[in-house]
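# Working through the structure, step by step
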Amino acid sequence: MPPYRLAHLSDPHLPPPPGALTWRDLASKRALSAIAWRRKGPEHRPDVLAALIADVRAQGCDHTAITGDLTNFSTPAEYAAARAWLQTLGDPRDLTLSPGNHDALVGADAPARFAPWREWLGDADDIAFPALRERGPLALINLCSAIPTAPWLAAGRLGADQLARLTQILDSLAGRDLRRVVTIHHPPSQGVVSGRKSLEDAADLRAILARHGVDLILHGHAHEAEVSAIPGPSGPIPVLGVPSASAAGGGRHAPARWHALEFPADPADRRIRVEARGLVNGAFAPLGAYVLGA
Ligand SMILES: [Fe+2]
Ligand SMILES: [Fe+2]
């Protein structure tokens, strides 16, 4: 049996469609975010994102995880544009999306606000986080850390209900021969992002994972390639972040990159091979590979 291949990309920050911002938005956090977008706009390029997606397709992955920030101002027009983009990526059952803080700048809380993206959030008809998806040798546990925040903040929070359900899901997976992979926008490790961008209840999440354990955590938000770890019941749990999928490079952050993760078909083999593929001289190419759990 060939290994199961999971693609991880993040933070595409799709270009806002014309008319995405209305006059009402100018009195809200969206206006501040729009100023920030114009300042850093050239950092995110649709042609870079298209090249990254073409590279993911060419590599032939079984499933794709996208860890948030599809939009910039979380307007209805952007939700619709992001839905249209997601529909170009194939069967929604083969793509899992964890929303980011830019997808929840203002307005209602999750899960209702993410209705246009329901098919990519989980398998259930109702949106609920965490969403559990069993795919091949994987149990994908999709968390939502996206919350509306005060201007200039980019913090995230899971909340007591989501953390309680996470514990129930991990209990239900105990003894199953599945590799448990958590997807979340905000990094759960300490020090990866500044305080104003951090996950407010990260300590609570780390405490649950220290007891129950998972095999891997994938995040976005930092717009950088990040390798960290948090304590698990039988050793450190690897935590991986990728740069923005649309970053042209040359700005504050790393150029676009995605990770191809390979899980052996044999559940007794706990190794995970990670290949980084990134933008080099205008084309996507392998940057390097390493094995977790070797
Ligand atoms: Fe982002
Ligand atoms: Fe973010």
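Each value, and the rule that gives it
Residues numbered from 1 in each chain as written. Chains lettered and ligands numbered in written order. Predicted model: local features only at pLDDT ≥ 70, side-chain atom pairs only at ≥ 80, totals over all residues. Helix = DSSP H or I, 4+ residues; strand = E, 2+ residues; numbered from the N terminus. Rg over C-alpha atoms; globule rule 2.2 N^0.38 Å. Buried ≥ 20, exposed ≤ 12 C-beta atoms within 10 Å, placed from the backbone. Contact = placed C-beta atoms within 7 Å. Pairing = 2+ DSSP bridges. Axes fitted to C-alpha atoms, helices over the stretch in contact; angles between N-to-C directions. Parallel < 35°, antiparallel > 145°, perpendicular 65-115°, else oblique. Nonpolar A, V, L, I, M, F, W, Y, C, P; charged D, E, K, R; others polar.

Secondary structure summary: the chain contains six helices and twelve strands in total. A compact globule built from 294 residues should have a C-alpha radius of gyration of about 19 Å, and the chain, at 18 Å, falls within 12% of that. Principal-axis analysis of the C-alpha atoms places the extent of the chain at approximately 55 × 45 × 35 Å. Relative to its 294 residues, the chain shows a buried fraction of 41%. The contacts in the chain between residues at least 6 apart in sequence include a share of 67% that link residues at least 24 apart.

Relative to the helices and strands, Asn72 is located in the loop between strand S2 (63–66) and helix H3 (76–87). The buried category is assigned to Asn72, around which 24 C-beta atoms lie within 10 Å. Counting along the chain gives 165 residues from Asn72 to Ile237, while the straight-line C-alpha distance between them is 31 Å.

Bringing the pairing of strand S10 (residues 257–263) into the picture now. Counting buried residues in S10 gives six out of seven residues, a clear majority hidden from the surface. As defined by bridge partners, strand S1 (residues 4–9) adjoins S10 across five bridges and the pair is classed as antiparallel. Bridged to Arg5 within S10 is Glu262.

Let's shift gears to the packing of helix H5 (residues 160–173) against helix H6 (residues 202–212). Where H5 contacts H6, the two axes come as close as 11 Å, and the packing angle between them is 10 degrees. When the interaxial angle is binned, H5 and H6 end up roughly parallel. Taken together, the residues of H6 that come into contact with H5 (itself represented by Leu163, Leu166, Thr167 and Leu170) are Asp204, Leu205, Ile208 and His212. Among the residues making up the contact of H5 with H6, the classes are represented as five nonpolar, two polar and one charged.

We now examine the sheet that holds strand S8 (residues 226–232). Paired through backbone hydrogen bonds, the strands of a sheet run either parallel or antiparallel to each other. Spatial ordering of the open sheet is given by S4-S5-S6-S7-S9-S8, a layout of six strands whose pairing is mixed. Of all the strands in the sheet, just strand S4 (131–135) and S8 have a single pairing partner and so form its edges. Within the sheet, the average angular offset between the axes of one strand and its neighbour, ignoring direction, is 25 degrees. One ladder, built from three bridges, connects strand S7 (residues 216–219) with strand S9 (residues 235–241); its direction is parallel. The residue of S9 that forms the bridge with Leu218 is Leu240. Taken strand by strand, H6 contacts S8 and S9, and its axis lies near 65 degrees from that of S8.

Once that is clear, we can look at the sheet that holds S2. Read from one edge of the open sheet, six strands run S3-S2-S1-S10-S11-S12, paired in mixed fashion. Edge positions in the sheet fall to strand S3 (95–97) and strand S12 (283–292), since each of these pairs with one other strand and no more. Mean inter-strand twist for the sheet, computed between neighbouring axes without regard to direction, equals 20 degrees. The sheet contact formed by S1 and S2 spans four bridges and is parallel. Residue pairing across strands places Ala7 opposite Thr64, the latter belonging to S2.

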